[in-house]
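# Close look at the chain arrangement
Next come the chains, spelled out residue by residue.
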Amino acid sequence: MVKRQNELSETIGEIKYSGEFDYEGLYLAVYNWFKKMGFDVNETYKHKMTSLGAEVELTFKGSKEVTEFIQHKIECEIKIWNLVDIEVVREGKKQKINKGRMNITLSCTLVLDYNSKFDKSELTVRIFNLIRFTILRKKIIIDWMGRLIAETYMLHTEIKKKLGMETAYSAWE
Amino acid sequence: MSEKQLVVGGLTISYEGLFNPSDLYKIIDDWQKKHNYDKTEKESIEYVRPEGKYIELRMEPCRKESDYVKFIIKIHIVMENLKERVVEIEGQKEKMYEGKITINFEGWIETDYEEAWYTKPGIFFLRVLIDKYIYKIYTEKFAAGLRAEVNELSTQVKSFLNLYKYQ
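Residues numbered from 1 in each chain as written. Chains lettered and ligands numbered in written order. Predicted model: local features only at pLDDT ≥ 70, side-chain atom pairs only at ≥ 80, totals over all residues. Heavy atoms only, no water.

## Notes on the confidence of the model for chain B
The predicted coordinates ought not to be read in detail in places where the model reports low pLDDT. Residues and elements named next belong to chain B. Rule in force here: What pLDDT reports is the predictor's confidence in each residue, on a scale of 0 through 100. In this text, helices come from DSSP runs of H or I with a minimum length of four residues, and strands from runs of E with a minimum of two, each type numbered from the N-terminal end.
Confidence in the prediction of chain B, expressed as mean pLDDT, is 89, and 95% of residues score 70 or more. Across chain B, the secondary-structure element scoring lowest on mean pLDDT is helix H2 (residues 121–134), at 78, and the one scoring highest is strand E3 (residues 52–59), at 97. Interface scoring of the predicted complex returns ipTM 0.89; its pTM is 0.90.

Put into structure tokens, the structure is as follows:
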């Protein structure tokens, strides 16, 4: 049986941050971004207490059916160490925020024929591979994958903005 | 397998003093868009430390020049001991940082990035011969183009940092 290669994946750069941030605000920013962009979101959450603070592992898996043939998947993995609550005074008002160290990894996957319509027989799989590797090869790599990568970088910038990073900017927005 | 050739290396800019990291990032990002490079940010680090902020960036914007040649610019930025300062520029108060910055630029040419010539040993050998004796003229032309672009970007960054010296 001929194998159907219907997925293209790419890892987008890692964000490493240490300092003060708003944990709840970050969570909502990521979740709301997925919703705003039309993604269905699945979350997993792990929490562990240590003597230095909490250890949190939060994963968002978003998927969106763009057309009958294309599906976008974006995964956002947030790992936080030494997470503690702190109180700061901003513009004369006391505010409860958080402090900690984190790594955020973003990756995206372009899924073609996600309904497996071309997976019915060896002939249809061969037709799919012909489309995937010959007829639409360039369109898939440059246009479709390029659009998904650009979309993932939008989330990348959104996260940086929420963390108040100095490099929270994108010329493409 | 694709092949990578270093065209520009050892181009480093160091600066110590007042500057705005956000504006610097904006200049590099805008430049990439203007020159049709695809944004690739491998790593983006920001740590708030007692001695000041630490920012590190690894960018690898790339652009496909043809079906065979791709330009890659590797930019590594390290900003250390950044301390917040409020300065007055033309009567307006502005938040800036004082610290040390080192930027390293490298220009790479990647050939056969689609690995079209990698299917069979014979074809691969033929590719090596073509690359070495026939395509060489084109590769040199591409290398000159990339060299000019990396120099343009580094000059733009240098000019941006020099501006702060006179404020």
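## What about the layout of surface pockets?
To keep it simple, the criterion reads: With a 1 Å grid laid over protein atoms only, a set of points is called a cavity when a 1.4 Å probe fits there but cannot get out and a pocket when it is open yet has protein on both sides within 12 Å along at least five of seven lines; lining residues have an atom within 4 Å of a point. Grid points are joined across faces, edges and corners, and a volume is the space filled by probe spheres set on the points. Following the grouping adopted for this structure description, the nonpolar residues are Ala, Val, Leu, Ile, Met, Phe, Trp, Tyr, Cys and Pro, the charged ones are Asp, Glu, Lys and Arg, and the polar ones are all others, Gly among them.
Approximately 1200 Å³ is the volume attributed to the largest pocket. Lining the largest pocket are 41 residues; nearest its centre among them are A:Glu10, A:Ile149, B:Asp38, B:Cys62 and B:Lys64. Elements with a minimum of two residues in the lining of the largest pocket: strand E1 (7–21), helix H2 (122–135) and helix H3 (137–163) of chain A together with strand E2 (41–49), strand E4 (62–64) and strand E5 (69–89) of chain B. With 13 residues, H3(A) is the single largest residue contributor to the lining of the largest pocket. Partitioned by chemical class, the residues of the lining of the largest pocket number 15 nonpolar, 8 polar and 18 charged. Taken together, 19 residues form the lining of the second largest pocket, with A:Tyr17, A:Gly19, A:Glu20, B:Val48 and B:Lys53 sitting closest to its centre. Residue assignment for the lining of the second largest pocket shows that the elements contributing at least two residues are E1, strand E4 (70–90) and strand E5 (93–112) of chain A together with E2, E3, E5 and strand E6 (92–111) of chain B. Ranked by the residues each element gives to the lining of the second largest pocket, the list is headed by E1(A), at 4 residues. Tallied by class, the residues present in the lining of the second largest pocket amount to 6 nonpolar, 6 polar and 7 charged.

## Brief notes about the interface of chain A and chain B
Convention followed: Whether two residues are in contact is decided by their heavy atoms, any of which lying within 4.5 Å being enough. What gets called buried area is simply the loss in accessible area from a 1.4 Å probe that two parts show on being joined, summed for both. Every case where a carboxyl oxygen of Asp or Glu lies within 4 Å of a side-chain nitrogen of Lys or Arg is listed as a salt bridge. Definition of a polar contact: a pair of N or O atoms within 3.5 Å, with one able to donate and the other able to accept a hydrogen when the atoms are protein atoms, and with sequence-neighbouring residues admitted only if both atoms are side-chain atoms.
Chain A puts 23 residues into the contact, and the matching count from chain B is 27 residues. Taken as a group, A:Glu166, A:Tyr169 and A:Trp172 account for 35% of the area that chain A buries against chain B, more than any other trio of residues on that side. Our enumeration of links across chain A and chain B arrives at 4 salt bridges. Between A:Lys160 and B:Glu41 there is a salt bridge whose closest N-O contact spans 2.6 Å. Viewed at the interface, chain B and chain A are joined by 20 residue pairs in polar contact (both at pLDDT 80 or more). Elements that contribute at least two residues to the side of chain A that touches chain B include exactly E1 and H3 of chain A. Looking at which element gives the most residues to the side of chain A that touches chain B, the answer is E1(A), with 8 residues. Across the side of chain A that touches chain B, the residue classes tally to 10 nonpolar, 7 polar and 6 charged.

## A look at the packing of aromatic side chains
Residues and elements named next belong to chain A. Heads up, the condition is: Here a Phe, Tyr or Trp ring, Trp counted by its six-membered ring, pairs with any other such ring whose centre lies within 6.5 Å, and the pair is stacked when the planes are under 30 degrees apart, edge-to-face when over 60, and tilted otherwise. Burial classes follow relative accessibility: with a 1.4 Å probe on protein chains only, a residue under 20% of its type's maximum area counts as buried, one over 50% as exposed, and anything between as partly exposed.
Going through the model one piece at a time under the given rule, you end up with 15 aromatic pairs over all chains. For the pair Phe69 and Phe118, a centre-to-centre distance of 6.1 Å together with 75° between the ring planes defines the contact as edge-to-face. Within this pair, whereas Phe69 is found in the loop between strand E3 (53–65) and E4, its partner Phe118 is found in the loop between E5 and H2, the two being separated by 49 residues in sequence. Between Phe69 and Trp144, the aromatic rings sit 6.2 Å apart at their centres with planes inclined by 70°, giving edge-to-face as the arrangement. With Phe69 in the loop between E3 and E4 and Trp144 in helix H3, this residue pair connects regions lying 75 residues apart in the sequence. By relative accessible area, which is 13% here, Trp144 ends up buried. Aromatic ring contacts, followed pair by pair, group Tyr27, Tyr31, Trp33, Phe34, Phe39 and Phe60 into a single cluster.

## Looking at H2(A)
Working note: α-helix, 3.6 residues per turn, so residues spaced by three or four point in the same direction. Residue and element names in this part refer to chain A. Which entries qualify depends on this criterion: The span one expects for a helix is its residue count, reduced by one, times 1.5 Å. The arc in question is the one spanned by the directions pointing from the helix axis to the C-beta atoms.
An ideal rise of 1.5 Å per residue puts 20 Å on 14 residues; H2 measures up with 18 Å between its terminal C-alpha atoms. Within H2, the full set of buried residues consists of Val125, Phe128, Asn129, Ile131 and Arg132. Across the axial projection of H2, the buried residues extend over an arc of 155°, all falling on one side. Those residues of H2 that are exposed and angled more than 90 degrees off the buried face are Leu123, Thr134 and Ile135. Buried residues along H2 sit in contact with E1, E5 and H3.

## Structural notes on the pairing of E3(B)
For a regular strand, side chains alternate in direction, first toward one face of the sheet and then toward the other. Residues and elements named next belong to chain B. As a reminder of what qualifies: At least two bridges found by DSSP between two strands is the condition for calling them paired.
Taken across its 8 residues, E3 has 7 buried, putting it largely inside the fold. The antiparallel hairpin formed by E2 and E3 contains 2 residues in its connecting segment. As judged from the 6 bridges shared by E3 and E5, these two strands associate in the antiparallel manner. Bridge pairing in E5 links Leu57 to Ile77.

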